[in-house]
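Examination of the molecular architecture
What follows is each chain in one-letter form.
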Amino acid sequence: MESWDRERAIDRVEAVLETVETEPMAVPVREVWVYGDVALGLDPVERLDIYLTKDILLHDDADREAAFVEEYGIQSVGKTVRAEWADQFPEHLRATAGGHAAPEKCLAAHLLGDEPVHLEVCNASFEDNVRQRLKGALAQDSYEQILDPRGVCLWKEGTRSEDAIEKLRAGELVFPTLPEALEMLGADSDTANEAAEALAAARETQEGQSVRGDVL
């Protein structure tokens, strides 16, 4: 697994914020978070984890879909991602296995290029998704699906939190251990420790860029 120098990791996060603030996005982005290693002040950062809260695109310009199917072979442009964005950034268009425009993959291509970052994209807030994923993971004993709850909101509804970024860069934020954090969310002690170990083992196998999209 490729690690990040802490300063480089935070610089990369700020570059993501700059792009979200100044360029059109494939879908509306409401929040930008970081979580895990970079939030904990670790150096190096073994894995850079970014979380985006987005809106589900319901009405855009569905009449444009046929033109994008003809030129790029990708369906749903103007439905699941903005047609105006696709006009400006066709190189960032990405599709599902079924050939439909995939918002999370489009966002990753635009914001990250091919860098080894893990990007989580969901229509729900970070806190809501953390709880939902934990509930599902505990019910199914699929602990590797847990979302590390130790996160920091850096940007929300068009406003950047300079205070949060300064504390992140200085490594001043204080969080509990992962088992303690999971216990605070309702897991019992033994389960929290087992889940933390499973999540750590799963992360060790991650290489390159990874993207996950959720709809709650």
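Report on the accompanying structure. Just so you know, the residues in each chain are numbered from 1, in the order the chain's sequence is written. Per-residue local features are limited, in this predicted model, to residues with pLDDT of at least 70; the limit for side-chain atom pairs, both in listing and counting, is 80 or more; totals at the level of whole chains, interfaces and linings are taken over all residues. Values shown for side chains rest on all heavy atoms present in the structure; no hydrogens or waters enter the calculation.

1. Remarks on the layout of surface pockets
Only protein atoms enter the 1 Å grid used here, on which a cavity is any set of points holding a 1.4 Å probe that cannot leave and a pocket is any open set flanked by protein within 12 Å on both sides along at least five of seven lines; residues with an atom within 4 Å of a point are listed as lining. Grid points are joined across faces, edges and corners, and a volume is the space filled by probe spheres set on the points. Of the pockets and cavities examined, the largest pocket occupies roughly 440 Å³. What lines the largest pocket is a set of 28 residues, and nearest its centre among them are Asp49, Ile146, Leu199, Arg203 and Gln206. Only runs of H or I of at least four residues qualify as helices and only runs of E of at least two qualify as strands under DSSP, and these elements are numbered from the N terminus. Breaking the lining of the largest pocket down by element, the ones donating at least two residues are strand 3 (117-122) and helix 8 (189-204). For the lining of the largest pocket, the element with the most residues is helix 8, which contributes 6 residues. Counted by class, the lining of the largest pocket contains 11 nonpolar, 5 polar and 12 charged residues. For this classification, Asp, Glu, Lys and Arg are treated as charged, while Ala, Val, Leu, Ile, Met, Phe, Trp, Tyr, Cys and Pro are nonpolar and the rest, including Gly, are polar.

2. Here's the deal with the nonpolar core
The nonpolar core is taken to be a set of buried Ala, Val, Leu, Ile, Met, Phe, Trp, Tyr and Cys residues, with the residues joined through side-chain atoms within 4.5 Å. Relative accessibility under 20% of the residue-type maximum defines a buried residue, over 50% an exposed one, and the middle range a partly exposed one, all with a 1.4 Å probe and only protein chains included. One finds Ile50, Leu52, Val77, Leu93 and Leu154 to be the most contacted residues of the largest nonpolar core, which totals 44 residues. Of all the secondary-structure elements, those providing two or more residues to this core are helix 1 (6-22), strand 1 (29-35), strand 2 (48-54), helix 3 (83-88), helix 4 (103-112), strand 3, strand 4 (151-156) and helix 6 (162-170). Per-element accounting of this core gives the leading share, 6 residues, to helix 1. In this analysis, two residues are considered to be in contact whenever any of their non-hydrogen atoms come within 4.5 Å of each other. Setting aside its immediate chain neighbours within four residues, Leu154 contacts Val13, Leu17, Val32, Val34, Thr159, Arg160, Ser161, Ala164, Ile165 and Leu168. Tyr143, Ala192, Ala195 and Ala196 belong to the second largest nonpolar core, which has 11 residues in total.

3. A closer look at helix 8
The terminal C-alpha atoms of helix 8, which comprises 16 residues, lie 23 Å apart, in line with the 22 Å expected from a rise of 1.5 Å per residue. Turning to helix 8, its buried residues are Thr191, Ala192, Ala195, Ala196, Leu199 and Arg203. One side of helix 8 carries all its buried residues, which in axial view fall inside an arc of 135°. Exposed and facing more than 90 degrees away from the buried side of helix 8 are Asp190, Glu197 and Glu204. The inward-facing, buried residues of helix 8 abut strand 2, helix 5 (126-140) and helix 7 (178-184). To estimate how far a helix should reach, multiply one less than its number of residues by 1.5 Å. Directions drawn from the helix axis to the C-beta atoms are what define this arc.

4. Here we look at a negative patch on the surface
Here a patch means residues that are over 30% exposed by relative accessible area and free of salt bridges, tied together within 9 Å if like-charged and within 5 Å if nonpolar (Val, Leu, Ile, Met, Phe, Trp, Tyr). Using a 1.4 Å probe, the Shrake-Rupley method yields the accessible areas, and only the shown protein chains count as cover for residues. The working definition used for a salt bridge is a side-chain nitrogen of Lys or Arg within 4 Å of a carboxyl oxygen of Asp or Glu. The charged-residue count follows a simple rule in which Lys and Arg add positive charge and Asp and Glu add negative charge, with His and chain termini not counted at all. In plain terms, the charge of a residue is placed at NZ if it is Lys, CZ if Arg, CG if Asp and CD if Glu. Together, Asp141, Glu180, Glu183, Asp188, Asp190, Glu194 and Glu197 line one region of the surface with negative charge. Looking at the negative patch, the elements that each hand over two or more residues are helix 7 and helix 8. The element best represented in the negative patch is helix 8, accounting for 3 residues. Checked against the element boundaries, Glu194 lands in helix 8. Since its relative accessible area comes to 46%, Glu194 is described here as partly exposed.

5. Considering the packing of aromatic side chains
Think of it this way: a Phe, Tyr or Trp ring, Trp meaning its six-membered ring, pairs with another when their centres are within 6.5 Å, and the plane angle makes it stacked under 30 degrees, edge-to-face over 60, tilted otherwise. Evaluated as defined, the whole model comprises 5 aromatic pairs. Centre to centre, the rings of Trp33 and Phe126 are 4.7 Å apart; their planes meet at 20°, and the pair counts as stacked. Here the residue Trp33 occupies a position in strand 1, and Phe126 occupies one in helix 5, the gap between them amounting to 93 residues. The exposure class of Trp33 is buried, given its relative accessible area of 7%. Taken together, the aromatic side chains of Trp33, Tyr35, Tyr51 and Phe126 make up a single cluster linked through ring pairs. Over a ring means this: the NZ of a Lys or the CZ of an Arg is within 6 Å of the ring centre and within 35 degrees of the ring normal. The cationic tip of Arg8 hangs over the ring face of Trp4; the distance from NZ or CZ to the ring centre is 3.9 Å.

6. Topic: helix 1
Its 17 residues place the ends of helix 1 24 Å apart at the C-alpha level, agreeing with the 24 Å of an ideal helix rising 1.5 Å per residue. Here the buried face of helix 1 lies against strand 1, strand 2, helix 4, strand 4, strand 5 (159-160) and helix 6. The N-capping residue of helix 1, defined by a side-chain oxygen 3.0 Å from the backbone nitrogen of Glu7, is Asp5. In the analysis that follows, any N or O atom pair within 3.5 Å is treated as a polar contact, provided that within protein one partner can donate a hydrogen and the other can accept it, and provided that, for residues neighboring in sequence, both atoms belong to side chains.

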